[in-house]
Amino acid sequence: MWNNWLVIYALVFAGAFLSSLILTLFFRKIAWRIGFLDRPADNHKGHAQATPLLGGAAMFSAWLLVIVCGAIAVVSGWVPQAWRNIWLTHAAGFKSVSLQLSFVVIAALLAVLLGLLDDRFALSAKAKFGGQFLVALLAVVGGGIKINLFGEVPFLAEAVTVFWIVLMMNSINFFDNMDGLAAGTIAIAMFFFLVIAALNGEYFLAAFAALNCGVCCGFWVFNSNPASIFMGDSGSHFIGFLAAVMAVQVTFFDKSFSMSRFPVLIPAFILALPLFDTLMVVAIRTWKRKPFWIGDHNHISHRFVRMGLSRRNAVMLVHFMALTVALGALPIYWGDFKTAAVIVGQAFLLLVIITIIQLHLNIKDDARD
């Protein structure tokens, strides 16, 4: 059984990776042809030339293509005998997640469309947040995506989940400030979601994580420094939404498990870097009495550049940091309370070190101004 699922994960990843590669090339040509570009005068990312801005559409198209092909293969029976046995064994599971997946697909499409509108027409903050709220509401109310820590209070669970989805969409939107940064970080996160879901016997979620990881990796090939295409707000909304959904779905609450470990912290570790970066940026902008939704150069990647690193090395360092913190999710999952407590303390100290660096550079910048 395990071997069959591992092959499925590998094929899903490979299909998503290749689809994303091909469709990114296609949408890059389309963007040049229709003039859907991020021009130097319109961005604060430090690029000297116009760059195609349809990466989000490319990733979503690749993601949807794999889902549709997978559904057709499963329903039609165009799969090896061993996989037909998996289908028969888990037929009820497939049917139970099909409706939920449909709402996730619709919500993801709306997230991409919202981002495309913002990329093209620069929506107001109010319109943008309103659209994100509707996307999150559709996934929660229609798709049943809910954080189950508040099972006895359904309304609270729904409200917290809507807030979480909107938070993640904006966190990745903020985090997408250098070539390859957001795509690479979410690819790392999806890999760890894949591992945790597989270990927990959540096979469909693991396959979904493999799909998301493959799409991000395929896009990253053309988005890494120097990027030949940007994901834009459409892409950051899309992968931020997927990260939020994966975090909710792999967060389970069982009293016997939660008394000895901290399962709710698993997604927090996996997504620690973009969440922490968002917290720090919002705090700095608020401290300087600036709107938190207006972009600037106070992100951790920008500060590494000001320390003397190249943009490529700054992104690589952030990726290594994301990998380091995310690794802590594994001992939290399979360790005892003492192990989990030590890992939590270690991650906290790492973030304290980063905070000190952030604040030190911020004070120096203020003194220079």
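Provided above is the structure to which this section pertains.
Note that this is a predicted model, so its numbers are computed, not measured. (Residues numbered from 1 in each chain as written. Predicted model: local features only at pLDDT ≥ 70, side-chain atom pairs only at ≥ 80, totals over all residues. Heavy atoms only, no water.)

Draft legend 1. Highlighting the overall build of the protein. Helix and strand counts for the protein stand at 16 helices and two strands. Burial status across the protein gives 51% buried among its 369 residues. Contacts in the protein between residues at least 24 apart in sequence constitute 77% of all its contacts with a sequence separation of at least 6. (Helix = DSSP H or I, 4+ residues; strand = E, 2+ residues; numbered from the N terminus. Buried < 20%, exposed > 50% of the residue type's maximum accessible area, 1.4 Å probe, protein only. Contact = heavy atoms within 4.5 Å.)

Draft legend 2. The nonpolar core, seen in detail. If you look at the biggest cluster of nonpolar residues, it comprises 111 residues, and the most contacted ones within it are Trp63, Trp164, Phe193, Phe241 and Leu271. In terms of residue count, the dominant contributor to this core is helix H7 (residues 181–199) (14 residues). Beyond its immediate stretch of four places on either side in the chain, Phe193 contacts Ala209, Ala243, Met246, Ala247, Val250, Pro267, Ile270 and Leu271. (Core = buried A, V, L, I, M, F, W, Y, C linked by side-chain atoms within 4.5 Å.)

Draft legend 3. Structural detail: the pattern of salt bridges. Throughout the structure, instances matching the rule amount to three salt bridges. Across the pair Lys128 and Asp118 runs a salt bridge, and its minimum N-O distance is 3.0 Å. With Lys128 in helix H5 (residues 125–142) and Asp118 in helix H4 (residues 91–121), the pair connects residues that are 10 residues apart, well separated along the chain. Of the residues examined, Lys128 reaches a relative accessible area of 14% and is grouped as buried. (Salt bridge = Lys/Arg side-chain N within 4 Å of Asp/Glu carboxyl O.)

Draft legend 4. Focus on the packing of H7 against helix H8 (residues 203–223). As a packed pair, H7 and H8 sit with axes 8 Å apart at the nearest point and diverge in direction by 160°. By the angle class used here, H7 and H8 are roughly antiparallel. The two elements H7 and H8 cross, and the hand of that crossing is left-handed. Along the contact surface, H7 presents Ala183, Gly184, Ile186, Ala187, Met190, Phe191, Phe193, Leu194, Ala197 and Ala198, while H8 presents Leu205, Ala206, Ala209, Ala210, Asn212, Cys213, Cys216, Cys217, Phe219, Trp220 and Asn223. For the contact of H7 with H8, a count of residues per class yields 18 nonpolar, three polar and no charged. (Axes fitted to C-alpha atoms, helices over the stretch in contact; angles between N-to-C directions. Parallel < 35°, antiparallel > 145°, perpendicular 65-115°, else oblique. Left-handed = near helix turned anticlockwise from the far one by under 90°. Nonpolar A, V, L, I, M, F, W, Y, C, P; charged D, E, K, R; others polar.)

Draft legend 5. Geometry of the environment of Ile34. Looking at the element boundaries, Ile34 is found in helix H1 (residues 2–34). Setting aside its immediate chain neighbours within four residues, Ile34 contacts Leu54 and Arg120.

Draft legend 6. Main features of the packing of aromatic side chains. Scanning the entire structure with this criterion turns up 10 aromatic pairs. Ring geometry for Phe191 versus Phe192: centroids 5.6 Å apart, planes at 80°, classification edge-to-face. Taking relative accessible area as the criterion, Phe191 reaches 44% and is therefore assigned partly exposed. (Phe/Tyr/Trp six-rings, centres within 6.5 Å; stacked < 30°, edge-to-face > 60°.)

Draft legend 7. Geometry of a nonpolar patch on the surface. Taken together, the side chains of Ile106, Leu109, Leu110 and Leu113 present a nonpolar region at the surface, about 310 Å² in accessible area. Structurally, the position occupied by Leu113 is in helix H4. Given a relative accessible area of 41%, Leu113 falls into the partly exposed group. (Patch = residues over 30% accessible without salt bridge, like charges linked within 9 Å, V, L, I, M, F, W, Y side chains within 5 Å. Areas by Shrake-Rupley, 256 points an atom, 1.4 Å probe, with all protein chains shown as cover.)

Draft legend 8. Seen up close, H8. The first and last C-alpha atoms of H8 sit 30 Å apart over 21 residues, in line with the 30 Å expected at 1.5 Å per residue. Among the 21 residues that make up H8, 17 are buried, leaving the element largely enclosed by the rest of the structure. (Expected span 1.5 Å × (residues − 1).)

Draft legend 9. Quick peek at the side chain of Gln132. With respect to the helices, strands and loops of the structure, Gln132 is situated in helix H5. Among the polar contacts listed, one links the side chain of Gln132 to the side chain of Asn170, at a separation of 2.7 Å. Of the polar contacts made by the side chain of Gln132, one reaches the side chain of His237; its length is 3.0 Å. In this view, Gln132 contacts Leu114, Val166, Met169, Asn170 and His237; residues no more than four positions away in its chain are not counted. (Polar contact = N/O pair within 3.5 Å; in protein donor to acceptor, adjacent residues only side chain to side chain.)

Draft legend 10. Up close: the state of the cysteines. Summed over the entire model, instances satisfying the criterion amount to zero disulfides. In this structure Cys213 is a free cysteine whose sulfur lies 4.1 Å from that of Cys217, the closest cysteine sulfur available. In this structure Cys213 comes out as buried when scored by relative accessible area, which is 8%. (Disulfide = S-S within 2.5 Å.)

Draft legend 11. Inspection of the environment of Ile186 at higher detail. Here Ile186 lies in helix H7. With 50 residues separating them in the primary sequence, Ile186 and Ser236 have C-alpha atoms 10.0 Å apart. For Ile186, the residues in contact, after removing those within four places along its chain, are Ile172, Cys216, Ile239, Ala243 and Leu271.

Draft legend 12. Broad picture of the environment of Met246. Inspection of the secondary structure puts Met246 in helix H9 (residues 232–250). Sequence separation between Met246 and Ala206 is 40 residues, and the spatial gap between their C-alpha atoms is 9.4 Å.

Draft legend 13. Fine view of the side chain of Ser224. Structurally, the position occupied by Ser224 is in the loop between H8 and H9. Separated by 3.5 Å, the side chain of Ser224 and the backbone oxygen of Val221 make a polar contact. Setting aside its immediate chain neighbours within four residues, Ser224 contacts Asp179 and Gly180.

Draft legend 14. Region of the structure containing H7. Between its first and last C-alpha atoms H7 spans 28 Å; for 19 residues at 1.5 Å apiece the expected length is 27 Å, and the two agree. Along H7, 16 of the 19 residues are buried, which leaves the element largely enclosed by surrounding structure. Following H7 by one or two positions, Gly201 adopts a phi angle in the positive range, close to 75°.

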